Amino acid sequence: MSVSVDGFIAGPNDVPGNPGGDGFMRLHDWYQRADGSFGRPDGPAGAVWDEMHDTGAVFVGRRTAEQVDYYGGTHHGVPLFVLTRREPDPLFPQVHFVSDVAEGMAAAKAAAGDRDVLVHGAEAARAALEAGVLDELQIDQVPVLLGAGRRLFDVLPERVELEVVRVIDTPAATHVRYRVVR
């Protein structure tokens, strides 16, 4: 998850017609290559990009999924699991709609096989963390203060201890992988 220094993963006015809100792309400037194109970044941040695209399934909240039109039904060619309390979207029959976090994550992990599950969206990440089914966090902290928007961890039911697994520091972002301590 790309996050501003003040904890926002989306800017103000984060609505379907403006996914990610105002200033959202600033949080993803680290995806930019030396030639100015968007994609796998040059240098050490490329490892983070590779890991993100080597996952075997994606677990995402409904709000995030709707804003990106369900990634067209798949995210980088892997199964998509959408956490929701509403009926499935009939336009995307290939998407797995789940209402229980633990069961949904178990299904995503089964679909991923020996690969990781990529979690997208603040609500999905918080729900998975609260349910005890989130093992690691990849935070890509971008050197900007957005001042407003949607926070990644706005409210948690209790303190969560994390262990630093890896740090990749670049001028565009500091990429920190954490293990959730249980």
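Rules used throughout
Residues numbered from 1 in each chain as written. Predicted model: local features only at pLDDT ≥ 70, side-chain atom pairs only at ≥ 80, totals over all residues. Heavy atoms only, no water. Helix = DSSP H or I, 4+ residues; strand = E, 2+ residues; numbered from the N terminus. Rg over C-alpha atoms; globule rule 2.2 N^0.38 Å. Contact = heavy atoms within 4.5 Å. Areas by Shrake-Rupley, 256 points an atom, 1.4 Å probe, with all protein chains shown as cover. Pairing = 2+ DSSP bridges. Axes fitted to C-alpha atoms, helices over the stretch in contact; angles between N-to-C directions. Buried < 20%, exposed > 50% of the residue type's maximum accessible area, 1.4 Å probe, protein only.

Peer 1: Would you mind going over the overall build of the chain in detail, with residue names and values included?
Peer 2: Within the chain, the regular secondary structure consists of four helices and ten strands. From first element to last, N terminus to C terminus, the chain shows the α and β order β-β-α-β-α-β-β-α-β-α-β-β-β-β. What you see for the chain is a C-alpha radius of gyration of 16 Å, in line with the 16 Å of a compact globule of 182 residues. Dimensions along the principal axes, computed over C-alpha positions, put the chain at roughly 40 × 40 × 30 Å. Across the chain, every contact between residues at least 6 apart in sequence was considered, and the portion connecting residues at least 24 apart equals 59%. Accessible area for the chain stands at about 9500 Å²; split by element, carbon and sulfur atoms hold 52% of it.

Peer 1: How would you explain the sheet that holds strand S9 (residues 162-169) if you had to name every residue and give the values?
Peer 2: If you trace the four strands from one edge of the open sheet to the other, you get S1-S7-S10-S9, paired in mixed fashion. In this open sheet, the two strands that pair with only one neighbour each are strand S1 (2-4) and S9. Neighbour-to-neighbour, the strand axes of the sheet open up by a mean angle of 30 degrees, direction not taken into account. In the sheet, strand S7 (residues 136-142) pairs with strand S10 (residues 174-180) via six bridges, with the strands oriented antiparallel. Across the sheet, Gln141 pairs through a bridge with Thr174, a residue of S10.

Peer 1: Before we move on, could you go through the environment of Gly39 and cite the residues and values that matter?
Peer 2: Considering the arrangement of structural elements, one finds Gly39 in the loop between strand S2 (8-10) and helix H1 (46-52). Separated by 64 residues in the primary sequence, Gly39 and Glu103 have C-alpha atoms spaced 33 Å apart. Setting aside chain neighbours within four positions, we find Gly39 in contact with Tyr31, Arg33 and Trp49.

Peer 1: Pulling in residues and values, what's your account of unusual backbone geometry?
Peer 2: A positive phi angle, close to 65 degrees, is found at Asn13, a residue other than glycine. The exposure class of Asn13 is exposed, given its relative accessible area of 51%. A positive phi is found at His76, a non-glycine position, where the angle reads about 45 degrees. Relative to the helices and strands, His76 is located in the loop between helix H2 (62-67) and strand S4 (80-83). Among the residues examined, His76 registers a relative accessible area of 28% and is labelled partly exposed.

The values reported here are purely geometric and, on their own, carry no functional implication.
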